[in-house]
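Chains, contacts and geometry: an overview
Each chain, written out:
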Amino acid sequence: PAPHPPPPPGGGGRGGGPPPTPGGGGGGRLEGGDSELCATDAFTRTRADMERMGAVYRALREQLPSVDVQIVDPRNLVFLIPGMLGDARRHGIGWSQAWRELRRGSGHGAIIVDGRTVSVGDIPAAQDAVDLVLAALAASSP
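Residues numbered from 1 in each chain as written. Predicted model: local features only at pLDDT ≥ 70, side-chain atom pairs only at ≥ 80, totals over all residues. Heavy atoms only, no water.

Next up on the list: the pairing of strand S2 (residues 116-119). Bridging between strand S1 (residues 111-113) and S2 involves 3 bridges; their strand directions are antiparallel. Opposite valine 113, over in S2, you have arginine 116 as the bridge partner. Hairpin remark: S1 followed by S2, antiparallel, with 2 residues in the connecting loop; positive phi at aspartate 114, about 50°. (Pairing = 2+ DSSP bridges. Helix = DSSP H or I, 4+ residues; strand = E, 2+ residues; numbered from the N terminus.)

On to the environment of glutamate 62. Mapped onto the elements of the fold, glutamate 62 is located in helix H1 (residues 40-63). Taking the C-alpha atoms as reference points, glutamate 62 and valine 130, 68 residues apart in sequence, are found 9.9 Å from one another.

Right, let's get into the environment of aspartate 128. Looking at the element boundaries, aspartate 128 is found in helix H4 (residues 126-140). According to the relative accessible area criterion, aspartate 128 is partly exposed, its value standing at 43%. In sequence terms aspartate 128 and alanine 59 are 69 residues apart; their C-alpha atoms lie 9.9 Å from each other. (Buried < 20%, exposed > 50% of the residue type's maximum accessible area, 1.4 Å probe, protein only.)

By themselves these figures say nothing about function.
Here it is, written out as structure tokens:
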């Protein structure tokens, strides 16, 4: 077979950028210039948050090996709602407080301990998150 011609200047995709790679899967990409659907900095910000939350997860697993640590996408309400409400019930949190915790716990970067949201918004440094979880565990122990 004849070799493929080089991609046009600016890349081979519709919006410019690098040409598609074999085995790349998926129907789109996040890198490259801004579009109506995806700003470049949105991916950069998301990736940075993923890396920070990954560091939090690793620190929690390393320093608290007996604690059940789970990373849950806040959009996964099918898992999050029963999990948080069950934890709240097991730890004596009333329904109105449980509802407030659930609303906060479905926020970006939330850290939840025994049905209580101990951090939401900016993802803390790994050791700060460990300290928050330790304090929350101590407060929820009988």
